[in-house]
Amino acid sequence: MASTSNILFFFFSIFFISSISCHKHHPLDPLTPFEFTLIRNIVRNSYADSNQNLAFQYVGLDEPDKPTILSWQSNPTTTKTPPRRAFVITRLHKQTHEIVVDLSTRSIVSDQIYYGHGYPLMTLEEQTAAIELPFTYPPFIESLNMRGLNISDVVCSSFSVGWFGEEKSSRIIKILCFYIEGTSNLYVRPLEGITVVVNLNEMKITEFQDKITHTMPRAEGTEYQASKQKPPFGPRLNGAAIVQPDGPGFKIDGHTIRWANWEFHLGYDVRAGPIISLASIYDLEKHKFRRVLYRGYISELFVPYMDPTEEWYYKTFFDLGEFGFGLCAVSLEPLADCPANAVFMDAYYAGQDGKPIKISNTFCIFEKHAGNVMWRHTETEIPGEVIREVRPEVSLVVRMVSTVGNYDYIIDWEFKPSGSIKVGVGLTGVLEVKGVPYTNTDQIKEDVYGTLLAENTVGVYHDHLLNYHLDLDVDGDANSFVKRNLEMKRVTDNSSPRKSYWTVVSERAKIESDARIQLGLKPAELLVVNPNKKTMVGNHIGYRLIPGLVVGPLLSDDDYPQIRGAFTKYNIWVTPYNKSEKWAGGLYVDQSRGDDTLAVWSLRNREIDNKDIVLWYTMGLHHVPCQEDFPVMPTLSGSFELRPTNFFERNPVLKTKPPKHVHWPNCTTKT
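Residues numbered from 1 in each chain as written. Predicted model: local features only at pLDDT ≥ 70, side-chain atom pairs only at ≥ 80, totals over all residues. Heavy atoms only, no water.

1. Quick notes on the overall build of the chain
Within the chain, the regular secondary structure consists of eight helices and 32 strands. Radius of gyration (C-alpha) of the chain: 27 Å, near the 26 Å computed for a compact globule of 671 residues. For the C-alpha atoms alone, the extent of the chain along its principal axes is close to 90 × 75 × 65 Å. For the chain, the proportion of its 671 residues judged to be buried stands at 51%. Across the chain, every contact between residues at least 6 apart in sequence was considered, and the portion connecting residues at least 24 apart equals 68%. The positive charge centre, built from 68 side chains, and the negative charge centre, built from 78, are 7 Å apart in the chain. (Helix = DSSP H or I, 4+ residues; strand = E, 2+ residues; numbered from the N terminus. Rg over C-alpha atoms; globule rule 2.2 N^0.38 Å. Buried < 20%, exposed > 50% of the residue type's maximum accessible area, 1.4 Å probe, protein only. Contact = heavy atoms within 4.5 Å. Lys, Arg positive; Asp, Glu negative; His and termini not counted. Charge placed at Lys NZ, Arg CZ, Asp CG, Glu CD.)

This is the structure:
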């Protein structure tokens, strides 16, 4: 039987490889279902005696080196397409393997055991298996009976445990449970006091604790499903028809998207979610596409909670490295998550057994008509004339939603004809709360580490700190980072009635330490410029980062969560390009010790002037919950912008033609 399967695998591989040669992949395309299957077979064949214990923790594209990609991009019709490779992380016999698979030769290029600190991304399958264990565990069942709870109304969830100075660690997670009697909003009814620890290697419960806490928030008023709401209802919102007489203004070729003056590649990764690559904009005056962004994605999301007590101190999550933004992507709802003119794209990832799993409607792409103005001017100073010129703004949005436990993150990449890229994130979903004996703030005499949102319900203070990897290639890959400080100058020579003014004093970063910046301390503009190219009037070509919400960590540098999340200490880091430096929190984040992070890499203090550089930007918010966030949170949004600064010779949308309008009859009536 084994020989038969090998023969079938051989013929399948030959067929698949021949199909690859007939269809040219874009080198940065995410892995296909066929490729996942091929990878699975190649890896399993190399461990034929251990297939039952082999777990695929991560399978993603091992993208070619950047010079190879750029060479291919410059002439894709004649340049040979780079070979397709996959980077695979598996768990076998309690060890982590790093495997590189060459799809063109159906072979394993390298297979190394990782001996460092930390563990790989957790799979959905192992988390599901772990949360089922308490329901057959007698002490857990006894605790539910003692509380008078129906086990059929109990739902459990998995929580990473972090690292707090332990010399040795096991691959464990904690299981916390919730009660859904009377509501589907499980996170607002935690079973306080009960904690279950599961060893993932053994897949068994190794610790159990019940502190016999009987306080549980009420179910009343916590339901969020529309079908279960009761009067009185809120205001009815009228819909709006989106009509595009000429059809969508963008074209999708595989994963390459072309719209207006933009062209870029949209990828998917089980850890990062959406990846924007090779973003270029067409310059009308130079008659060519010019490079802006080689690669951009969320590198890590640090969510530490601020309750240091025994049952909460470990809740310091790294959502990408522990749970996976792409793994937690959800299917988008047409006409709700995305407008009627949206086009949807699916994504695939490898399950724990290596087989491809489809997420339908992972991305939506749509032209956004928000009623904003791209530019305008009204001129009334010319005698006898009134000049009014207005151009409505239309932009292109790429959207994905990732639901990591209780929170939903709406990730947007928005491209504007002006050359700006606006990157946004919306936070919604359900707060993580704890049950308390208090029903009014007057009763609280000690620190409860949060806000009393409803009777017996405290929303715990926490942070959301997102780090973005932004490999800008501003009209080429040799770039520099410039900080333009806005400084006040005094007028001391009586040459003007003014006493002061401000001016720009520029600093060009030479080494990494020059570019570490905590925003908000003094006014400045932050630019990535091409020091080798200037505009006709002599300014260096550049792109400016316009920051969003300015936040930084409030934890001490020696606190264990902050050691692991040290990349948040500065809002801005700049490093030389290094293919291996992808994840600000390190490759292995679960129970990591902070020894493989952006903060550690940057200690080498490498040269960054006139080099191929990467900008790392952290934004987010300190979340102090309020009653309006309960029982489900209205979306709270933040964004930043990459804006051309002396990149063009003049306003690039001066001659942009406004979109055609469909005129609707006036149906308004008065009563």
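2. Regarding the sheet that holds strand β1 (residues 55–61)
A sheet is described by the order of its strands in space; here four strands give the open sequence β1-β2-β3-β4, paired in antiparallel fashion. Among the strands making up the open sheet, the edge pair consists of β1 and β4 (107–114). Neighbour-to-neighbour, the strand axes of this sheet turn through a mean angle of 20°, independent of strand direction. Relative to strand β3 (residues 95–102), strand β2 (residues 85–92) is paired through eight bridges, and the arrangement is antiparallel. The partner of Leu92 across the bridge, within β3, is Gln95. Lying over the sheet, helix α2 (residues 33–46) contacts β1, β2, β3 and β4, oriented at roughly 130° with respect to β1. (Pairing = 2+ DSSP bridges. Axes fitted to C-alpha atoms, helices over the stretch in contact; angles between N-to-C directions.)

3. Quick look at the nonpolar core
Counting residues in each nonpolar core, the largest one holds 110 residues, and the members touching the most others are Tyr409, Trp413, Tyr468, Phe481 and Ile572. Broken down by element, the residue count for this core peaks at six residues, all from strand β6 (residues 172–179). Composition of this core by domain shows at least three residues from each of domain 1 (33–114) and domain 2 (250–645). Grouped together as the second largest cluster of nonpolar side chains are 18 residues, Leu54, Val59, Leu92 and Ala350 included. (Core = buried A, V, L, I, M, F, W, Y, C linked by side-chain atoms within 4.5 Å. Domains from an automatic or database assignment.)

4. Concerning the pairing of strand β31 (residues 613–623)
Across the 11 residues of β31, 10 count as buried, placing the element largely inside the fold. Sheet analysis places strand β25 (residues 462–472) next to β31, joined by nine bridges and oriented antiparallel. If you follow Asn467 over to β31, its bridge partner there is Thr618.

5. A look at the domain arrangement of the chain
The domains assigned to the chain are domain 1 (33–114) and domain 2 (250–645). Measuring from the centre of the C-alpha atoms in domain 1 to the corresponding centre in domain 2 gives 29 Å. If you look at the interface, domain 1 gives 24 residues, while domain 2 gives 26 residues. Summed over both sides, the interface between domain 1 and domain 2 buries roughly 2100 Å², with carbon and sulfur atoms accounting for 58% of that surface. Interface area lost by domain 1 to domain 2 is led by Phe36, Glu63 and Lys66, which between them contribute 31%. The shortest N-O distance in the salt bridge between Asp473 and Lys66 comes to 2.9 Å. At the boundary of domain 1 and domain 2, one finds 10 residue pairs in polar contact (both at pLDDT 80 or more). Elements with a contribution of two residues or more to the side of domain 1 that touches domain 2: α2, β1, α3 (66–74), β2 and β3. (Buried area = accessible area lost by both parts, 1.4 Å probe. Salt bridge = Lys/Arg side-chain N within 4 Å of Asp/Glu carboxyl O. Polar contact = N/O pair within 3.5 Å; in protein donor to acceptor, adjacent residues only side chain to side chain.)

6. Quick notes on the sheet that holds strand β8 (residues 204–210)
What the four strands build is an open sheet, ordered β5-β6-β7-β8; its pairing is antiparallel. The sheet terminates laterally at β5 (154–159) and β8, the two strands that pair on one side only. Neighbour-to-neighbour, the strand axes of the sheet open up by a mean angle of 25°, direction not taken into account. One ladder, built from six bridges, connects β5 with β6; its direction is antiparallel. Following the sheet pairing, Val155 is matched in β6 by Phe178. On the sheet, helix α5 (residues 138–147) packs against β5, β6, β7 (194–199) and β8 and is oriented at approximately 30° with respect to β8.

7. A few points about the side chain of Glu126
Examined against the element boundaries, Glu126 turns out to sit in helix α4 (residues 124–132). Given the relative accessible area of 5%, Glu126 is considered buried. Side chain to side chain, Glu126 and Arg171 meet in a polar contact 2.7 Å long. Apart from residues no more than four positions distant in its own chain, Glu126 is found in contact with Gln57, Leu121, Arg171, Leu200, Met203 and Gln352.

8. Quick look at the packing of aromatic side chains
The geometry of an aromatic ring pair is captured by two quantities: the separation of the ring centres and the angle between the planes. According to the stated counting rule, one finds 29 aromatic pairs in the structure shown. Where Tyr617 meets Phe640, the ring centres are 4.9 Å apart and the plane angle is 70°; that geometry is what we call edge-to-face. Residue Tyr617 is located in strand β31, and its partner Phe640 is located in strand β32 (residues 633–645); the two are separated by 23 residues in the primary sequence. The same class applies to Tyr617 as to Phe640, namely buried. Pairwise contacts between aromatic rings join Phe159, Tyr305, Trp312, Phe317 and Phe323 into one cluster. One cation-aromatic arrangement involves Lys66 over Tyr294; the distance from NZ or CZ to the ring centre is 4.6 Å. We note Arg271 situated over the ring of Trp583; from NZ or CZ to the ring centre the distance is 4.3 Å. (Phe/Tyr/Trp six-rings, centres within 6.5 Å; stacked < 30°, edge-to-face > 60°. Lys NZ or Arg CZ within 6 Å of the ring centre and 35° of its normal.)

9. Comments concerning the state of the cysteines
Taken as a whole and judged by the stated rule, the model has two disulfides. What pairs with Cys156 in a disulfide is Cys177, and their sulfur atoms sit 2.0 Å apart. For the disulfide bridge between Cys156 and Cys177, the dihedral angle about the S-S bond is near 95°, and by the sign convention the bridge is right-handed. Of the two residues, Cys156 is situated in strand β5 and Cys177 in strand β6; the sequence distance between them amounts to 21 residues. Relative accessible area serves as the criterion here: at 7%, Cys156 is assigned to the buried category. Accessibility expressed as a relative area gives 4% for Cys177, which makes it buried. Paired by a disulfide, Cys338 and Cys364 hold their sulfur atoms 2.1 Å apart. Every disulfide takes its handedness from the sign of the S-S torsion; for Cys338 and Cys364 that torsion is -85°, giving left-handed. In this pair, Cys338 is assigned in the loop between α6 (319–323) and β15 (343–350) and Cys364 in strand β16 (residues 356–368), connecting sequence segments 26 residues apart. Across the pair, exposure class does not vary: Cys338 and Cys364 are buried alike. (Disulfide = S-S within 2.5 Å.)

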